[in-house]
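Descriptive analysis of the structure
Residues per chain are reported as follows:
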Amino acid sequence: MLSIKINEQDLARAKSLLAHIPKAYKQAVNLALSRTLEAMRTEAIKKTTEQYQVKASTVRKTMKLNKSQQQLISRGPRLKITDYKFRPIRPRAKNYTGAVRAGGLKRFPGAFFIKLGSAGKSYPYIRVGKKRWDIKAIFSPAIPQILQNPETLSSMEERAGEVFSQRLNHEVMRALGVFAK
C-alpha cells in the first residue's frame, strides 16, 4: 500500500481559490489524482525495467488504472523465465543462462524445452528427480511481486507527491480561467 504525501497547504489554497465556483474544488482534486496515478504507473514501469530484465509492455499489461476509485492495481501470474532474459550459451546448447534482475546471468544446467499445445510454444524445464517425468517448469516472480520492491515504492511515492502538487496547481488555474485564450 502506498501513501502519497499531499501538502495540506496546497489543498487549503485550492479550496479557498475555488470556493466561489460550484464543484470546481472536487473536480480539480479528482483530475490531479488521475494524472498522479498515471505518473505513478509510468514511474513504476521505468523503475522496474531499470532493475529487472523485463519489457515495459509486460509490466504495463499487469497494471490497471481505475480513475473513478483512484486506484492503481497490478495483477498477474508468475512468469516463465523466458519472459525475462533467457538464452542459450551457444546455439543448440543444452546449457542455458537467464536473469530476472539486471546484472549477471545464472546458469541453468540441464534445462530443456518442451513444446506444449497446438500453438507450438516452447517452455523451459529442468529435471528434479530420477524418473522421466520428474520435471519442473522454470518460473520467475510475478510483476506484482516485483513492484513491491522498496526502491520502486519509494520512487513512486516521491513522484506522486511532486505530480499531485503540480497538477492541483494547474487544475486550479484552469478552473479560474487563467489559461483562457
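The coordinates are above.
It should be emphasised that the depicted structure is a prediction, and the values quoted were computed from it without experimental measurement.

**Quick word on the overall build of the protein chain**
Looking only at helices and strands, the protein chain has five helices and ten strands in total. Out of the 181 residues in the protein chain, the part that is buried amounts to 34%. The centroid of the 36 positive side-chain charges in the protein chain is displaced by 14 Å from the centroid of its 12 negative side-chain charges.

**A few points about the sheet that holds strand E7 (residues 112-116)**
Taking strand neighbours across the sheet as the criterion, the three strands line up as E7-E8-E9 in an open arrangement whose pairing is antiparallel. A strand with exactly one partner marks an edge of an open sheet, and here the two such strands are E7 and strand E9 (135-137). In this sheet, adjacent strand axes meet at a mean angle of 45° when their direction is disregarded. Pairing analysis gives three bridges linking strand E8 (residues 121-127) to E9, with the strands arranged antiparallel. By the bridge assignment, Ile-126 is partnered in E9 with Lys-136.

**Digging into a nonpolar patch on the surface**
A contiguous nonpolar patch, built from Leu-17, Leu-176 and Val-178 and spanning about 210 Å² of accessible area, is present on the exposed surface. One can find Leu-17 in helix H1 (residues 8-17).

**Quick word on the sheet that holds strand E4 (residues 85-88)**
Strand order across the open sheet formed by three strands is E4-E5-E6, with antiparallel pairing between neighbours. Looking at strand neighbours, the two that pair on one side only are E4 and strand E6 (106-108), the edges of this open sheet. The average undirected angle you get between the axes of adjacent strands in this sheet is 30°. Inspection of the sheet shows E4 paired to strand E5 (residues 96-99) by four bridges, in the antiparallel sense. Across the sheet, the residue bridging to Arg-87 is Thr-97, located in E5.

**Description of the pattern of salt bridges**
Tallied over the full model, the rule gives six salt bridges. Measuring nitrogen to oxygen at the nearest pair gives 3.8 Å for the salt bridge that ties Arg-35 to Glu-38. Taken together, the positions of Arg-35 and Glu-38, both in helix H2 (residues 24-51) and three residues apart, correspond to about one turn of that helix. Judged by relative accessible area, Arg-35 falls into the partly exposed class, the value being 39%. Its salt-bridge partner being Arg-174, residue Glu-171 comes within 2.9 Å of it at the nearest N-O pair. In this pair, Glu-171 and Arg-174 both sit in helix H5 (residues 150-176), three residues apart, roughly one turn of the helix.

**Considering the environment of Ser-122**
Following the sequence through the fold, Ser-122 ends up in strand E8. A relative accessible area of 30% places Ser-122 in the partly exposed class. Taking the C-alpha atoms as reference, Ser-122 lies 32 Å from Leu-65; in sequence the two are 57 residues apart. Discounting residues that sit within four places of it in the chain, Ser-122 has contacts with Phe-113, Ile-114 and Lys-115.

**A few points about the pairing of strand E2 (residues 71-74)**
Relative to E2, strand E1 (residues 63-66) is paired through four bridges, and the arrangement is antiparallel. Of the residues in E2, the one forming a bridge with Asn-66 is Gln-71. Hairpin connection between E1 and E2: a loop of four residues separates the two successive antiparallel strands, and Gln-70 in this loop has a positive phi of roughly 50°.

About the criteria used
Sequence positions are assigned chain by chain, starting from 1 and proceeding in written order. Residue-level local features of this predicted model are given only where pLDDT is at least 70; pairs of side-chain atoms are given and counted only at 80 or more, and the full residue set underlies all totals for whole chains, interfaces and linings. The side-chain numbers reported here are obtained from all heavy atoms of the structure, hydrogens and water having been left aside. Helix and strand labels come from DSSP, where a helix needs a run of H or I of at least four residues and a strand needs a run of E of at least two; each type is numbered from the N terminus. To sort residues, take the accessible area from a 1.4 Å probe on protein chains only and compare it with the maximum for the residue type: under 20% means buried, over 50% means exposed, and anything in between is partly exposed. Counting rule for charge: Lys and Arg are taken as positive, Asp and Glu as negative, and neither His nor the chain ends is counted. Think of each charge as sitting on NZ of Lys, CZ of Arg, CG of Asp or CD of Glu. Think of it this way: DSSP has to see at least two bridges between two strands before they count as a pair. Under this scheme, a helix contributes an axis fitted over its contacting stretch, all axes are lines through C-alpha atoms, and angles between N-to-C directions fall in the 0 to 180 degree range. By definition, no residue in a patch forms a salt bridge, and every one has over 30% relative accessible area; like charges are joined within 9 Å, nonpolar side chains (Val, Leu, Ile, Met, Phe, Trp, Tyr) within 5 Å. Here, Shrake-Rupley sampling with a 1.4 Å probe gives the accessible areas, and only protein chains in the shown set may cover a residue. By definition, a salt bridge exists where a carboxyl oxygen of Asp or Glu is found within 4 Å of a side-chain nitrogen of Lys or Arg. Throughout, a residue-residue contact means that at least one pair of heavy atoms, one from each residue, lies within 4.5 Å.

Geometric values such as these leave the question of function open.
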